[in-house]
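What follows is each chain in one-letter form.
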Amino acid sequence: MFTSSRISSLNRHMKTHSTEKPHICHLCLKAFRTVTLLRNHLNTHTGTRPYKCGDCDMAFVTSGELVRHRRYKHTHEKPFKCSMCKYASVEASKLKRHIRSHTGERPFQCCLCSYASKDTYKLKRHMRTHSGEKPYECHVCHARFTQSGTMKIHILQKHSENVPKYQCPHCAAVIARKSDLRVHLRNLHTYRDTGLNCRYCSAVFHERYDFIQHQKTHKNEKKFKCEYCSYACKQERHMTVHIRTHTGEKPFVCHSCNKCFRQKQLLNVHVKKHHNTNFIPTVYECPKCGRAFSRWVLY
DNA sequence: TGAATGAGCGCCCTCTGCTGGATCATG
DNA sequence: ACATGATCCAGCAGAGGGCGCTCATTCA
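Residues numbered from 1 in each chain as written. Chains lettered and ligands numbered in written order. Predicted model: local features only at pLDDT ≥ 70, side-chain atom pairs only at ≥ 80, totals over all residues. Heavy atoms only, no water.

## As for the overall build of chain A
Counting its secondary structure elements, chain A contains 10 helices and 20 strands. Within chain A, the proportion of its 299 residues that are buried is 19%. Considering only contacts in chain A between residues 6 or more positions apart, those separated by 24 or more positions represent 1%. As presented, chain A carries roughly 22900 Å² of accessible surface, and 52% of it is formed by carbon and sulfur atoms. (Helix = DSSP H or I, 4+ residues; strand = E, 2+ residues; numbered from the N terminus. Buried < 20%, exposed > 50% of the residue type's maximum accessible area, 1.4 Å probe, protein only. Contact = heavy atoms within 4.5 Å. Areas by Shrake-Rupley, 256 points an atom, 1.4 Å probe, with all protein chains shown as cover.)

Here it is, written out as structure tokens:
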């Protein structure tokens, strides 16, 4: 309800209820109620910006725009305070938009899917997922993107020098993207309640990175140790043969001369050398040039 | 009465961070 | 050859900043 102590103000207010707009823009035929409104509108056509900022080169059509600009850029005055957090804004509409992040209200519903957004821009941006529109093009490789930020990252990572890298604070890993470092930290450096057990020893770890590093220490480990001497090896079968040097066991017997051997391989060499008719000579002679070789593979 | 003020709507932008498929190295 | 896991990468949404413009109200 409009009230005023002055009749002139009431009369002017009453005009707001009228649809009469006698002031016409000669450039676009748009109609305005007052001369001032028409003048401001004309300034948008002519580019006239009478309100100049004293602290920078910006200039505006209306004084209100200048005031708002100064708040954003120079005075940082933010009169609209959120009652639920520390957020404050220059404009009431921004506070209204911010409040939706507390209430979860999503007034802008997509007509093609269940998505709803908190502001019009996000809905418009979302609609590109239905239309397939990719308005942003990389000037180097002409790849196209749905969002400008995605293209910016693409150019930075693919076409720029001195690409920033993100060093993991817990290990030597250097990762290209901040969000991927977060994934790295989550996967490798997050404490797990259920411990990871080493498959080679009794060690237990609660971080995957520590677990993997520990497992590597077993990689070249000679875990089979001789109980009689300092000999150690990676494979159990090697240890079995080695143990025979201490026990004197020689289970492989030559059926031609009864000579005994610790390893089957040694018996095979003996048989080939002394009893086999297909005995392989130690010298291979080239039939063309006469050159001699000690092994077949060299020949 | 014109100018100033402030509210309101709209548009576009940037920064940020998560997600899941692709790719690659390793066991 | 295959499985697994780490990293790369584009897609996408959340949040907020800044300006263009209009219009009702207040001030001088």
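## Description of the nonpolar core
Grouped together as the largest cluster of nonpolar side chains are five residues: Leu196, Cys198, Ala203, Phe205 and Phe211. With residues up to four places along the chain from it excluded, the contact list for alanine 203 reads Leu196, Asn197, Cys198 and His214. (Core = buried A, V, L, I, M, F, W, Y, C linked by side-chain atoms within 4.5 Å.)

## Thoughts on the protein's contact with DNA strand C
Taken together, 50 residues lie around DNA strand C, and Arg68, Arg106, Tyr115, Lys118 and Arg125 are the ones closest in. Restricting attention to atoms of DNA strand C within 4 Å of the protein, one finds that 53% of them are sugar or phosphate atoms. At 3.4 Å from a base nitrogen of DNA strand C is found a side-chain nitrogen or oxygen belonging to threonine 150. Looking at the surface near DNA strand C, the elements that each hand over two or more residues are helix 1 (7-16), helix 2 (35-46), helix 3 (63-75), helix 4 (92-103), helix 5 (120-131), helix 6 (148-159) and helix 7 (178-188). (Near = heavy atom within 4 Å. Polar contact = N/O pair within 3.5 Å; in protein donor to acceptor, adjacent residues only side chain to side chain.)

## Overview of the state of the cysteines
Applying the stated criterion to the full structure yields zero disulfides. This cysteine, cysteine 82, is not joined by any disulfide, and cysteine 85 carries the nearest cysteine sulfur, 3.7 Å off. Cysteine 138 provides the cysteine sulfur closest to cysteine 141, a residue in no disulfide bond, and the two sulfurs are 3.7 Å apart. (Disulfide = S-S within 2.5 Å.)

## Some details on helix 3
With 13 residues, helix 3 should reach 18 Å at 1.5 Å per residue; the first-to-last C-alpha distance of 16 Å falls well below that figure. Taken from the residues just after helix 3, histidine 76 is the one with a positive phi, measuring 55°. (Expected span 1.5 Å × (residues − 1).)

## Section: the environment of histidine 102
Mapped onto the elements, histidine 102 comes out in helix 4. Put simply, histidine 102 and methionine 84 are 18 residues apart on the chain and 7.9 Å apart in space, counted from C-alpha to C-alpha. Other than its neighbours up to four places away in sequence, histidine 102 contacts Cys82, Met84 and Cys85.

## Looking at helix 5
Under the 1.5 Å per step criterion, the end-to-end length of helix 5 is 17 Å for 12 residues, consistent within 8% with the ideal 16 Å. When we look at burial in helix 5, the residues that qualify are Leu123, His126 and Arg128. Packing partners of the buried residues in helix 5 comprise strand 7 (108-109), strand 8 (116-117) and strand 9 (136-137). With a side-chain oxygen lying 3.1 Å from the backbone nitrogen of tyrosine 121, the N-terminal cap of helix 5 falls on aspartate 119. Of the residues one or two after helix 5, glycine 132 is the one with positive phi, at around 80°.

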